[in-house]
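Observations on the three-dimensional arrangement
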Amino acid sequence: MTEHRQAALEYARQHEDEFLAALKEVVAIPSISTDPDAKADIHRTAEWLAQRLRDLGMQGVAVMPTGGHPVVYAEWMGALGKPVALVYGHYDVQPVDPLELWTNPPFQPTQVGENLFARGTSDMKGQVMASLNAIESIVRTGDFPVNLKFLIEGEEEIGSPSLKKWLTDNRELLKSDFCLNPDAGMLGKEYPTITYGLRGLVYFELKVFGPDHDLHSGLAGGIVHNPAQALAELIAAMHDADGHITLPGFYDSVRALSQQERADFLRLPTSDADYVATTGVPSLWGEPEYIPAERIGARPTLEINGMISGFTGAGQKTVLPAWAMAKISCRLVPDQDSDEVHAQLTRFLQEKAPATIRWDLQKLSGAPASISDLNQPAAQSLSRAMETVWGSRPYFKREGGSIPVAGYMQNILGIDSVLTGFGLPDDNLHAPNEKMHIPTWYKGTQALIHFFFNLAEG
Ligand code: BES
Ligand code: MN
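Each chain has its residues counted from 1, running along the sequence as written. Key to labels: chains lettered from A, ligands numbered from 1, both in the order written. With pLDDT at 70 or above as the cut-off, local features in this predicted model cover only qualifying residues; side-chain atom pairs require 80 or more to be listed or tallied, and sums for whole chains, interfaces and linings still use all residues. Where side-chain values are given, they derive from all heavy atoms of the structure, hydrogens and water being excluded.

**Structural notes on the layout of surface pockets**
- Note on definitions: the grid is 1 Å and covers protein atoms alone; a cavity is a set of points where a 1.4 Å probe fits but cannot get out; a pocket is an open set with protein on both sides within 12 Å along at least five of seven lines; lining residues have an atom within 4 Å of a point. Grid points are joined across faces, edges and corners, and a volume is the space filled by probe spheres set on the points. By volume, the second largest pocket is sized at about 270 Å³.
- Lining the second largest pocket are 17 residues, and of these Lys164, Ser338, Gly366, Pro368 and Tyr408 lie nearest its centre.
- Starting at the N terminus, helices and strands are each numbered in turn, a helix being any DSSP run of H or I of at least four residues and a strand any DSSP run of E of at least two. Put simply, the parts of the chain that give the lining of the second largest pocket at least two residues each are α11 (338-352), β14 (358-367) and α13 (404-413).
- The greatest single-element share of the lining of the second largest pocket, amounting to five residues, is contributed by β14.
- Following the grouping adopted for this structure description, the nonpolar residues are Ala, Val, Leu, Ile, Met, Phe, Trp, Tyr, Cys and Pro, the charged ones are Asp, Glu, Lys and Arg, and the polar ones are all others, Gly among them. Residues belonging to the lining of the second largest pocket are distributed by class as follows: six nonpolar, seven polar and four charged.
- The start and end points of each domain follow an automatic or database-based domain assignment. Residue assignment places the lining of the second largest pocket across two domains, with domain 1 (3-198 + 369-457) and domain 2 (200-254 + 300-367) each supplying three or more.

And the structure:
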């Protein structure tokens, strides 16, 4: 092992407390991208990261406008002839509701045993900081062994609506060999994981309108089709009894799983019982001909994210509501297209909606699925780095979550992403009491240090 690598690993071990203190600072800023009142905090977070990058000696550091929330850009191009790594992150977080279910305030980082609780610790400010900590450990102990570019966005949790155009406009600036994206997680703390596939996402809002105002349910019930009921009937018809989606043509372009892929899924260290335990459901549900890991990693879904209609307060009110609304999204797999799914859902509604109501469907965002090449040098470098730190070869996995930038980078920049991360299945992503396992985070930093040196050594 080179002296520099050794020194960097040692630097990281000696600065664990400082790293944790910095993470606590940045997760205390409530950068909720979907909240229109959070603009100032969004900018504060971007500036905080930009300053951190300047302190590390990165060049060209800029908080760049996108039309939406800004992107933090930086680079260090001092390693002539060596690969260029584009380090991705997102500094925005999900909303915190329901607030009353948090044991500690979501933006007051709280350490309990080996975990740090706060919104954004695991998804993904902790992952961004793991990358920066690794980079700090290396630059403080010598010259960086590869070239770096940074793209840290503020709109991932709302589907990265400004990124497609921003990537297209900045294609030259972003020219890199691959992207390091630590926004995916691990299968367990003893299971280092490299994710090689992500699902895409298309998000809709469906409104059903009935009477032109709320009605007395005694005076109108029985003659007016209740919009809440009509919406429920439409939603119920979107799946068959086996959990297949019934939108016309929905599965036509879905890429089938090969024998090899099915064998790989079977080897993952997850059982039905694990999924029951991590979700808390009485029993699993879904397409019976696929195992749960396949249903999450490689099959498309249609989900109701929320519904609202009529009276939902305390007590009772006899009302026949004027409208009902559902937030509906589909996870997409390779070869599905978000605009085609929009057309399929529109056709479904045209065919199925009764004449007793009117409806309106809006597409809010769409992002493609992605599959990365595991044979690319960066994936191999990371695999060896993880094996060095954990003492076992990483698992290779297709994950059900979505990271729009991964597909955009393939389509727009022509580069693959190496997807990893140090979050655990019980980190409560997007939910109350989000947390991050601190010892795993430190291991992640060590792994990323090895990764950058492995990459340079080829
Ligand atoms: N980090 C997640 C996605 C993820 C989680 C990937 C776990 C792999 C393993 C990311 O921040 C996320 O939540 N993305 C959103 C994207 C959407 C709004 C377009 C998602 O998947 O819901
Ligand atoms: Mn997320």
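Picking up where we left off.
**Thoughts on the environment of Asp212**
- Looking at the secondary structure, you find Asp212 in the loop between β9 (200-209) and β10 (215-216).
- Given the relative accessible area of 70%, Asp212 is considered exposed.
- Measuring from C-alpha to C-alpha, the distance between Asp212 and Lys39 comes to 36 Å, with 173 residues separating the pair along the chain.
- Side-chain atoms alone can form a polar contact between residues adjacent in sequence; in general such a contact is a pair of N or O atoms within 3.5 Å, and within protein one must be able to donate a hydrogen while the other accepts it. Here the side chain of Asp212 touches His213 through a polar contact of 2.5 Å, side chain to side chain. The cut-offs for exposure are 20% and 50% of the maximum accessible area for each residue type, with area from a 1.4 Å probe on protein chains only; residues under the lower value are buried, those over the upper are exposed, and the others partly exposed.

**Points about the side chain of Ser372**
- Locating Ser372 in the fold gives a position in the loop between β15 (370-371) and α12 (377-390).
- On the basis of relative accessibility, which here comes to 8%, the residue Ser372 falls in the buried class.
- Side-chain polar atoms of Ser372 contact the backbone oxygen of Ser417, separated by 2.8 Å.
- What makes two residues a contact is simply this: any of their non-hydrogen atoms within 4.5 Å. If sequence neighbours within four positions are ignored, Ser372 has contacts with Tyr196, Gln410, Asp416, Ser417 and Leu419.

**Points about the sheet that holds β14**
- The strand order across the open sheet formed by four strands is β11-β13-β9-β14, and the pairing between neighbours is antiparallel. Because the sheet does not close on itself, it has two edges, and the strands there are β11 (301-309) and β14. Between one strand axis and the next, the sheet turns through 15° on average, direction left out of account.
- Sheet topology places β11 next to strand β13 (residues 323-332); eight bridges connect them, and they run antiparallel. Directly across from Ser309, in β13, lies its bridge partner Ala324.
- Strand contacts of helix α7 (residues 227-236): β9, β11 and β13, with the helix running at about 20° to β13, the strand carrying the most contacts.
- Axis lines are fitted through C-alpha atoms, for helices just across the contact stretch, and the angle between N-to-C directions can take any value from 0 to 180 degrees. α11 contacts β9, β13 and β14 of the sheet and is inclined by roughly 165° relative to β14. If DSSP finds at least two bridges between two strands, the strands pair.

**So, helix α3 (residues 39-55)**
- Expected helix span is given by 1.5 Å per residue-to-residue step, counting one fewer step than there are residues. Between the first and last C-alpha of α3 there are 24 Å, a value that for 17 residues agrees with the 24 Å anticipated at 1.5 Å per step.
- Next to the buried residues of α3 lie α2 (16-27), β1 (59-64), β2 (71-76), α4 (121-139) and β6 (147-153).
- Two residues or fewer past α3, Gly57 is found with a positive phi of approximately 85°.

**Let's talk about the site of ligand 1**
- If a single non-hydrogen atom of a residue is within 4 Å of a molecule or strand, that residue counts as near it. Looking at ligand 1, there are 16 residues lining it, with Asp123, Glu156, Asp183, Arg331 and His430 nearest.
- Between Arg331 and ligand 1, the recorded distance is 2.7 Å, taken from a side-chain N or O atom to an oxygen atom.
- For ligand 1, an oxygen atom lies 2.8 Å from a polar atom in the side chain of His430.
- About the coverage of ligand 1: the protein hides 88% of its 520 Å² of free accessible area.
- Partitioned by chemical class, the residues of the shell around ligand 1 number four nonpolar, six polar and six charged. Residue burial considers only the protein chains on display, and all accessible areas are found by Shrake-Rupley using a 1.4 Å probe.

**Focus on the pattern of salt bridges**
- Take a side-chain nitrogen of Lys or Arg and a carboxyl oxygen of Asp or Glu: if they are within 4 Å of each other, that pair is a salt bridge. One pass over the structure, following the stated rule, counts 18 salt bridges.
- A salt bridge links Asp169 to Lys165, with the nearest nitrogen and oxygen atoms 2.6 Å apart. Here Asp169 pairs with Lys165, and both are found in helix α5 (residues 163-169), just four residues apart, close to one helical turn.
- Note that Asp426 is salt-bridged to Lys435, the shortest N-O span being 3.0 Å.
- Among the charged side chains, a salt-bridge network with shared partners connects Asp426, Asp427 and Lys435.

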